[in-house]
Amino acid sequence: MFKKVLSMLLVVAMLVGATFALSACGDKQEDDGIKAALICLHGDSSTYDKNFIDAFKQACANKGLTEDDYTIITDIDEDTVCYDKAVDFAEAGYDVIFADSFGHEAYMIQAAKEYPEVQFCHATGTKAHTEGLANYQNAFASIYQGRFLAGVAAGLKLVELYGDAEGKVSDENAKIGYVGAHPYAEVVSGYTSFYLGVKSVVANVTMEVRYTGSWYDETAEKTTAEALIAAGCKLISQHADSMGAPTACENANIPNVAYNGETGKNTFVIASRIDWVPYYEYMLDCVMNGEDIADDWTGTLANGAVKITALGAAAAEGTQAKLDEVAAKLNDGSLKVFDCATFTVGGVALTEYLADVDDAGDFVPETNVIRTENGVTFFDESADRSAPYFDIRIDGITEVG
């Protein structure tokens, strides 16, 4: 009788244990979701940051994350506040933390070294491939492809406005302007690719670049655009994050090529932008599946990370067909944005150029980035590192103060 009771107690204990195990397993499965954070330099009044914010929300939704699973913080300066916020997220159990501005990098690396179990990802940074941290990664996109396409649209607009019977534009009317934030490679690469796009349509185009010294300063961007217009520029583009330049163009009835979104203005031609949804989805998938995230991820036209907007009201007739043609050549590799046959430096075509790809903070160039494929010699931007390293000042472009 005792043995029978003991056996029954053992069975009950096993059933209870199994129930607790199943319950624990169920709790584990429910907790298997991840928590993600986005650190932004500015809020959604900045077209740059809004582009990241919108994509982050979309990617999280696509991957089944709710608002309880992710957090977005804005107006985080490029200083120790970034480190503090990254640490706060790590301490709170977040699995992956993404920061969106170049100056955040040092602070993200510092946090990554202290929290090796957390993934830290960063846009426009340069050091992931040399830091050697398993939990720190950079990402960017070949936005020069989108800017080149936007330049083609700008060139067609100049021809529509000022072209003669043969489509040629006079030197006076072939001058365009560009509002830049800082004289960094990211900005130089962007304005050069835009210029080369225009030049592929208007061979004698010249461009004046002026800097604001800030990524986001609506007043400075507006007054800088106004100064370019006063200097005779017939079309304005930008690498800055507010509506300052588009507003100046609207007021002066000057065509505008924007960045990171449509402006809704009558003078709006087109804009280019990086679509961060593909990267965010990739990042989240890697974290969910316990897979490594690439040190340097580069988005392209082909993988959907480089985008141009729908044409604006000011776009020239026939622009879309031309853009489709050019995009096809960029995608199949038959057209290189930085084809060395299309520009000179001091009157000479480039045959070699050492770029500071392995950025150690000493600004020492070490990698020859001039390559030849299928008989075309070109500057191979974003092939050796996701962040741009094209920092050459080519003929036809003038930087003013």
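Note that the coordinates shown come from a computational prediction; the quantities given were computed from them, not determined experimentally.

Cut-offs used in this document
Residues numbered from 1 in each chain as written. Predicted model: local features only at pLDDT ≥ 70, side-chain atom pairs only at ≥ 80, totals over all residues. Heavy atoms only, no water. Buried < 20%, exposed > 50% of the residue type's maximum accessible area, 1.4 Å probe, protein only. Helix = DSSP H or I, 4+ residues; strand = E, 2+ residues; numbered from the N terminus. Pairing = 2+ DSSP bridges. Right-handed = clockwise from strand over helix to strand, strands pointing away. Expected span 1.5 Å × (residues − 1). Axes fitted to C-alpha atoms, helices over the stretch in contact; angles between N-to-C directions. Parallel < 35°, antiparallel > 145°, perpendicular 65-115°, else oblique. Left-handed = near helix turned anticlockwise from the far one by under 90°. Contact = heavy atoms within 4.5 Å. Nonpolar A, V, L, I, M, F, W, Y, C, P; charged D, E, K, R; others polar.

**Some remarks on the pairing of strand S9 (residues 256-259)**
Both faces of the sheet carry side chains from a regular strand, because those side chains alternate between them.
Here is step 1 of the chain: Side chains Asn256 and Ala258 project from S9 onto one buried face, and the interleaved Val257 and Tyr259 project onto a second face that is buried too.
Here is step 2 of the chain: Judged from the two bridges that link them, strand S8 (residues 236-239) and S9 form a sheet pairing that is parallel. Bridge pairing in S9 places Ser237 opposite Val257.
Here is step 3 of the chain: Between the parallel pair S8 and S9, the chain is carried across by helix H9 (residues 244-252), and the sense of this crossover is right-handed.
Here is step 4 of the chain: As defined by bridge partners, S9 adjoins strand S10 (residues 268-274) across four bridges and the pair is classed as parallel. Bridged to Tyr259 within S10 is Ser272.

**A short note on helix H2 (residues 47-62)**
Here is step 1 of the chain: Taking 1.5 Å as the rise per residue, H2 with 16 residues should run 22 Å; its terminal C-alpha atoms sit 22 Å apart, in good agreement.
Here is step 2 of the chain: Along H2, the residues classified as buried are Thr47, Tyr48, Asp49, Asn51, Phe52, Ile53, Ala55, Phe56, Ala59 and Cys60.
Here is step 3 of the chain: Looking one or two places after H2, you find Gly64, whose phi comes out positive at around 85°.

**Considering the packing of helix H8 (residues 218-230) against H9**
Here is step 1 of the chain: In contact at an axis separation of 7 Å, H8 and H9 are set at 40° when each is read in the N-to-C sense. Between H8 and H9, the angle is such that the two are oblique. In the packing of H8 onto H9, the handedness of the crossing is right-handed. Contacts between H8 and H9 involve Glu218, Glu221, Lys222, Ala225, Glu226 and Ile229 on the former and, on the latter, Gly244, Ala245, Thr247, Ala248, Cys249, Asn251 and Ala252.
Here is step 2 of the chain: Residues that form the contact of H8 with H9 fall into these classes: six nonpolar, three polar and four charged.

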